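Descriptive structure summary
These are the residues of each chain, in order.
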Amino acid sequence: MSNWIDSGGDEPRQYSARPTICKNELRIGSAARWRRVTKLACAAALIALAVPFGHARDRGQFVNTNADLKAWFDGLRSGKGPCCSDADGSALSDTDWESKDGHYRVRIPRLGYMLDRQQQQEMVWVDVPEEAVISEPNRVGRTMVWPIYGYTGVTIRCFMPGSMT
């Protein structure tokens, strides 16, 4: 007697050194699945924390602005591109800018934000690139600068010299 029939007869069989498990079920508590869920939850939490800082705010500070003057500010451009508006620029006193040999320099805060509610910030002198100088006449009379704060430091996007009187 043989066990030829009991062993599957003429059906092909896979042979291997180890027994194989042919189940492809995804375990509910697998570590990979929990890692994926954790990463997704962390990403959603970071986005939720960052959203309030991205909203524009209208605090009403430009309610009484002349419409023609606002349109002029919105259209200001330097060689580096549009200056955006007067809301993005800062007015400078005569002691915070100078002209020497046809080049301008401005004194502005080193950082674009306050540290620990600090009242005074370190002021630095920054050279104004030639392409950042606005060449059209100054309709407001005051000196204005549009700084850009980045990870490499502060640069000047637009500069409009005043009368220096």
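Keep in mind that what you see is a predicted model, and the values were worked out from it rather than measured.

1. With respect to the state of the cysteines
For the coordinates displayed, the defined rule picks out 1 disulfide. Between Cys 83 and Cys 158 runs a disulfide, and the two sulfur atoms are separated by 2.0 Å. As the torsion about the S-S bond is roughly -100°, the Cys 83-Cys 158 disulfide counts as left-handed. Of the two residues, Cys 83 sits in the loop between strand E2 (81-82) and strand E3 (90-92) while Cys 158 sits in strand E8 (residues 153-160), which places them 75 residues apart along the sequence. With relative accessibility at 0%, the residue Cys 158 sits in the buried group.

2. Comments concerning the pattern of salt bridges
The final tally for this structure, using the stated rule, is 3 salt bridges. Residue Asp 96 is joined to Arg 107 by a salt bridge in which the shortest nitrogen-to-oxygen separation is 3.0 Å. With Asp 96 in the loop between E3 and strand E4 (97-100) and Arg 107 in strand E5 (residues 103-109), the pair connects residues that are 11 residues apart, well separated along the chain. Of the residues examined, Arg 107 reaches a relative accessible area of 28% and is grouped as partly exposed.

Definitions and cut-offs
- Residues numbered from 1 in each chain as written.
- Predicted model: local features only at pLDDT ≥ 70, side-chain atom pairs only at ≥ 80, totals over all residues.
- Heavy atoms only, no water.
- Disulfide = S-S within 2.5 Å.
- Helix = DSSP H or I, 4+ residues; strand = E, 2+ residues; numbered from the N terminus.
- Buried < 20%, exposed > 50% of the residue type's maximum accessible area, 1.4 Å probe, protein only.
- Salt bridge = Lys/Arg side-chain N within 4 Å of Asp/Glu carboxyl O.

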